[in-house]
Each structure stands twice: as structure tokens, then as C-alpha cells.
Amino acid sequence: MNFNDSTYYMEHPFHDTPISMHPVEILNNQCQKHAHSFYELSYVTAGEGTLSIDDSCIPITRGDLLFIPTDTRHVFQTTMNQPVTLMNCLVEKHILSGPQAIGDRMIYDDIDELTQPFRTLGNGFKVTEHKKEFGKIMYSLHLELQCKESGYRYRLYLHLMDLLTRIRHAEPSDLQSEQGDLTDHIQLAVNYISSHYDESAILTRLCERFAISPRHFQRTFKQVTGLTLTQMLQNKRIQRSCELLSETDWSVQTIAREVGIQDMKYFYRIFKEKCGMTPKEFRQPQGS
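Residues numbered from 1 in each chain as written. Predicted model: local features only at pLDDT ≥ 70, side-chain atom pairs only at ≥ 80, totals over all residues. Heavy atoms only, no water.

**Topic: the pairing of strand E10 (residues 125-128)**
Applied cut-off: Buried means the residue's accessible area, taken with a 1.4 Å probe over protein chains only, is under 20% of the maximum for its type, while exposed means over 50%, and partly exposed covers the values in between. Secondary structure is summarised from DSSP: a helix means a run of H or I of at least four residues, a strand means a run of E of at least two, and numbering begins at the N terminus for each. Strands pair, by our definition, only if DSSP identifies at least two bridges between them.
Residues Phe-125 and Val-127 line the buried face of E10, whereas the alternating positions Lys-126 and Thr-128 sit on a face that is not buried. Of the strand pairs in this sheet, strand E7 (residues 64-68) and E10 are connected by four bridges, and their pairing is antiparallel. Within E10, the residue paired with Leu-65 across the bridge is Val-127.

**What about the sheet that holds strand E9 (residues 84-91)?**
Our working rule: Each axis is a line fitted through C-alpha atoms, taken for helices only over the stretch in contact, and angles between the N-to-C directions span 0 to 180 degrees. Any pair of residues with heavy atoms lying within 4.5 Å of one another is described as a contacting pair.
What the five strands build is an open sheet, ordered E2-E9-E4-E7-E10; its pairing is antiparallel. Each having just a single partner strand, strand E2 (19-26) and E10 make up the two edges of the open sheet. Direction aside, neighbouring strands of the sheet carry axes that sit 20° apart on average. Relative to E9, strand E4 (residues 39-46) runs antiparallel, the two sharing seven bridges. Looking across to E9, one finds that Ser-42 is bridged to Asn-88. Helix-sheet contacts for helix H2 (residues 133-147) involve E2, E4, E7, E9 and E10, and the interaxial angle to E2 is about 115°.

**Looking at H2**
Just so we agree on the cut-off: Given the number of residues in a helix, its expected span is that number minus one, multiplied by 1.5 Å.
The end-to-end C-alpha distance of H2, which contains 15 residues, comes to 21 Å, matching closely the 21 Å that a straight helix rising 1.5 Å per residue would cover. For H2, the full list of buried residues reads Glu-133, Phe-134, Gly-135, Ile-137, Met-138, Leu-141, His-142, Glu-144 and Leu-145. Where H2 is buried, its residues meet E2, E4, E7, E9, E10 and helix H3 (152-170). Taken from the residues just after H2, Lys-148 is the one with a positive phi, measuring 50°.

Any functional reading would require information that these geometric values do not contain.
Printed below as a string of C-alpha cells:
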């Protein structure tokens, strides 16, 4: 592909896997504007700077994740006399092409629905992590490629799909148009809740986002999802609580705070309602 300016077209040899990881340090703006046929997901691990992509300039700082589509001119630059370090995940184009001729299998339909917005984006964009969720996945990708233990290619793919899912849930309008009917907004709200269930004042934030009254929003939310906003929040918080009870030795109080519940009596009550047992009974091994 030819460009009319000083952009050069970068090639990358994908050897054993169509997913590749490359740590990069940018200093003194030594990079040249370039483009390539593969997707690039860049996670900022340190420093501050900008991503110039086509005619846009996106400020970047630690914890930001940048998605760069194929055949898009871009260059990272520093804004201070300090380096910007990145973890770059390079993904061959066919990985996000969507499964072919197997649409009757629901799991492939889900994968196709997940990757479709990334395939059609014309411009890059930025999302910012809240609890190092992007960084954890990027480091997992990096470790898989370093160790290359049996089954690592499969795990690379799972990590990538997890990353794309979290990107889509990062903000209600990052990959979606802010236009559309209220039903579309409810789906965006559900996506938002999946990643921000631990926050307070979610109703207020969503109503401000969509310029709608709380009463109208909650009524429509129940019509579309079959649940009230409170019920969905409770379900997500208790689901995550169960995961933490199984995976960590954190105290019940710590877990309650982690999922956004400060009132312990309330936490115990809804946990018992949802799970039919107390958190202590849930954590206790069966038969003990």
C-alpha cells in the first residue's frame, strides 16, 4: 500500500502464532509515521505522550489501551522529556475476520458479534483501565509467548477475546454510536454494568450519559432486560463475590467492599437470597 506522505508500510513476520507481543520504548520522538496490515493494541505502561493517528491526536498516559486498525497511519510521540513505554500486541488480520460457514454454532456467532465492531472501525481509539484489567491481560499474553507451554496458542486466543470483551465494556459509547433508540442504550448500560458493578451512583451516571430521567430509564430497563437495575447489580456483585470467595483467601468484608457493597448486613442478606447459603458456607469445602 502506498501513502502520499512520509508514511512507511511496516511488515511483521508472524512465526508460530498470529498473535505477537513486543515491548517498545519511545524516546525523543524517534518513531516514524507508519501503517501495517495487522491490528495493533498498545498498552501504555509508563510515561505520557500522544498517538497521532490519521488526522487525530489522542493524549495517552499510563493505563491507557489504544486500538489501531489495519492500514491506518499513526505514530506515538512523547510530550515530556521522558520515555513512553508500551506493550504492543500485534494481531494478524484474519484473527478478527470472523468464523466462516459455521454460523449455526452459537459460540461462533458470539465470537463474530464480539469482533465485528473492531473489523469495521475506520479510526483508532483509546480506553482507560480502572483496576489494571488491561495490563493483567497484556502481561498474560506476554508470558504465554515467552513460556510457550503446551496449549499456549489456545490460551493466547482466549486472552485476546477477553481483552476485546473488556474493551467493549469499558465505556458505553467507545465502540458504539451514541445515537439510537432507548433499547440500544439499555444494552450499552448492561455492558457498562458488567465492568463497573463496583461503582456507586451508576444510575445517575447512566442517566446523565443518555440524557434520560431515572424513572424512565428504570422502567425501560426492566422492560428490556426483565430485571430491575438493582437486581442486575446484585446479580453481578454476588457472582463476582462467589469468584473471589473461591479464588482468594480475602475476608468477607474485603470481598464485599471489592464488589461495591459497604453495608455488611445488606451483603449477607442478598448473598443468602441469591446463593441459599452464607459466604462462609459457600467457601467451606464440601464434606467438611
